[in-house]
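A look at the structure
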Amino acid sequence: MTVELICVGTELLLGNIVNTNAAFISEKCAMLGLSMYYQSVIGDNQQRLQELLHTAIKRSSVIILSGGLGPTQDDLTKETAAKVVGRKLVEDLRARKEIEAFMAKRACTVTENNWKQALVPEGSRVLYNQNGTAPGIIMEEGETRIILLPGPPNELVPMFEEQVFPYLHQLQPETICSKMVKLCGIGESSAETKIIDLIETQTNPTVAPYAKTGEVHLRITAKADNEEMAYDLIRPVEEKLQRRFGDLIYTNDPDVTLEDAVYQLLRQCQLTVTTAESCTGGLVAGRLVNVPGISEFLQQGYITYSNEAKEKLLHVPAETLKQFGAVSPQTAEAMAKGGAEAAKADICIAITGIAGPGGGTEEKPVGLVYMSCYCKGKLYTERNQYSGSRSKVREYAVASALTLLRRAIMEYMREVDADGCES
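Described in the following lines is the structure provided in the data block. (Residues numbered from 1 in each chain as written. Predicted model: local features only at pLDDT ≥ 70, side-chain atom pairs only at ≥ 80, totals over all residues. Heavy atoms only, no water.)

**Thoughts on the environment of M31**
Our working rule: The secondary structure listing takes helices from DSSP runs of H or I that are at least 4 residues long and strands from runs of E that are at least 2 residues long, numbered from the N terminus. Using a 1.4 Å probe on the protein chains alone, a residue whose accessible area is under 20% of its type maximum counts as buried, one over 50% counts as exposed, and one in between counts as partly exposed. We call two residues in contact whenever any of their non-hydrogen atoms come within 4.5 Å of each other.
Its location among the elements puts M31 in helix α2 (residues 20–31). Take M31: its relative accessible area is 36%, and that puts it in the partly exposed class. The sequence separation of M31 and K223 amounts to 192 residues, and the corresponding C-alpha distance is 9.0 Å. Excluding residues within four positions of it along the chain, M31 makes contact with T175 and I176.

**A short note on the side chain of N129**
As a reminder of what qualifies: Think of a polar contact as two N or O atoms within 3.5 Å of one another; within protein, one of them needs to be a possible hydrogen donor and the other a possible acceptor, and neighboring residues in sequence only count if both atoms come from side chains.
Take N129: it is sitting in the loop between β6 (125–127) and β7 (136–141). Classification of N129 as buried rests on a relative accessible area of 8%. Within polar-contact distance, the side chain of N129 engages the backbone nitrogen of N131 at 2.8 Å. A distance of 2.8 Å separates a polar atom in the side chain of N129 from the backbone oxygen of A134.

**Side note on the state of the cysteines**
What counts, and what does not: Two cysteine sulfur atoms make up a disulfide if the distance between them is within 2.5 Å.
By the definition in use, this model includes zero disulfides. C279 takes part in no disulfide bond, and the closest cysteine sulfur, belonging to C348, lies 14 Å away. On the accessibility criterion, C279 (4% relative accessible area) is buried.

**Section: the sheet that holds strand β17 (residues 378–385)**
How we decide: Should DSSP find at least two bridges between two strands, the strands are taken to pair. Angles here are taken between N-to-C directions and fall from 0 to 180 degrees, while the axes themselves are lines fitted to C-alpha atoms, restricted in helices to the stretch in contact.
On the basis of which strands lie adjacent, the open sheet formed by five strands has the order β14-β13-β15-β16-β17 and mixed pairing. With one partner strand each, in any of the chains shown, β14 (298–303) and β17 form the two edges of the open sheet. The average undirected angle you get between the axes of adjacent strands in this sheet is 15°. Here strand β13 (residues 273–277) runs beside β14; their pairing, made up of four bridges, is parallel. Within β14, the residue paired with E277 across the bridge is I303. Against the sheet, helix α15 (residues 390–415) makes contact with β13, β15 (347–353), β16 (368–375) and β17, and its axis sits at roughly 25° relative to β16, the strand it touches most.

**Considerations on the sheet that holds strand β11 (residues 215–224)**
Spatially, four strands are ordered β10-β11-β9-β12 in an open sheet, and the strand pairing comes out antiparallel. Strands with a single pairing partner mark the edges of an open sheet, and in this sheet they are β10 (206–212) and β12 (249–251). Averaged over neighbouring strand pairs, the angle between their axes works out to 35° when direction is ignored. Across ten bridges, the pairing between strand β9 (residues 175–184) and β11 is antiparallel. In the sheet register, V181 faces β11, and the bridge partner there is L218. Each of β9, β10, β11 and β12 is contacted by helix α9 (residues 227–245), which is oriented at about 150° to β11, the strand it contacts most.

**Focus: the environment of Q270**
Along the chain, the position of Q270 falls in the loop between α10 (258–269) and β13. The spacing of Q270 and S178 is 92 residues in sequence and 34 Å in space, taken between C-alpha atoms.

**Considering the packing of aromatic side chains**
Spelled out, the test is: Under the pairing criterion, centres of Phe, Tyr and Trp rings, with the six-membered ring standing for Trp, must be within 6.5 Å; the plane angle then separates stacked pairs below 30 degrees from edge-to-face pairs above 60, leaving the rest tilted.
Counted under the stated rule, the structure contains three aromatic pairs. Considering the side-chain rings of F24 and F160, the 5.7 Å spacing of their centres and the 80° angle between planes classify their relative orientation as edge-to-face. Residue F24 is located in helix α2, and its partner F160 is located in helix α6 (residues 153–171); the two are separated by 136 residues in the primary sequence. The two residues F24 and F160 agree in class, both being buried.

Structure follows, in structure tokens:
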């Protein structure tokens, strides 16, 4: 079955609110095995919505509309949909009573236009709203299903999960399940090259790469009669990816972040860490602090934006700064070593670079970032060149720094005795 999504509201077109409903509904439809080929955002205009609905009915078996079910004159979704399929609006007594009760509970006065929301297309299935005044509606017109949902996410989400999802599941009994494999230290094009044979020959399950900031996520998706059968299909593909990418995979858990993975390694090896940041201004430490329990291993960090701060706090030699400059591998290494010594930490991840938009030269362009990780006596240093805005350069630098930190800890784990880190 194919599903089409139409989100109604001029405020969406103007960018006044973020359309989170589209992402939510798309994900849920994918879980149900419904193929979504079209998504539209349209303003509160009856003629244009009418034309779009006529088109959608010709090409999709399920049409979901969100928004435009309110009490005001510009809320026209229900009226337009009813007109398109030739149904008149009739009052639903239960909807009227629930609107009255909802308003009374909140000590609100019911105005005449509120009763507009109790009108539903004749012969439709009403989805009663426990979180607002606008009921949802399902109209079955031949082989086409038209589903109308309220726009506020706090109303749409529970209505979809509790009433629409089970309804659609009956229409499409197959189950779609996914598994996410998260990589760091590799670009999207390189990752795709390693699995191009799987992509070109895939049927069920499928593998799709998604580029994230400094990461690549591979989603394995399978369709089957039930969850257990779907995951049985996913498992062999997951094992193939594990063999091909090895340590570049930092997790198979969709809820685990890169900083979570670093924390788990620190905890496993009981290593303390500090940060020494210039162009990222504390963002690396901020990512680590996202993780509950990190205070056991990260007790302090340094933001050393100026050369004076690098000298004073990290003991970077003045000669190093003068000879090589603040943005250099030599300075990054001195920052990493000096930060570890100053904090009495096992590890220090250091970053220095030119985030832009100014300050670049032909020799050292904007986006050039050096980073070094001192880990138990060893230095791991990288040169990276990023493009984009100042904020993008910094975001990518943080992701690369966490990746380097993870790699340094894993190298340490390989070198120490088997008992050096907990299993």
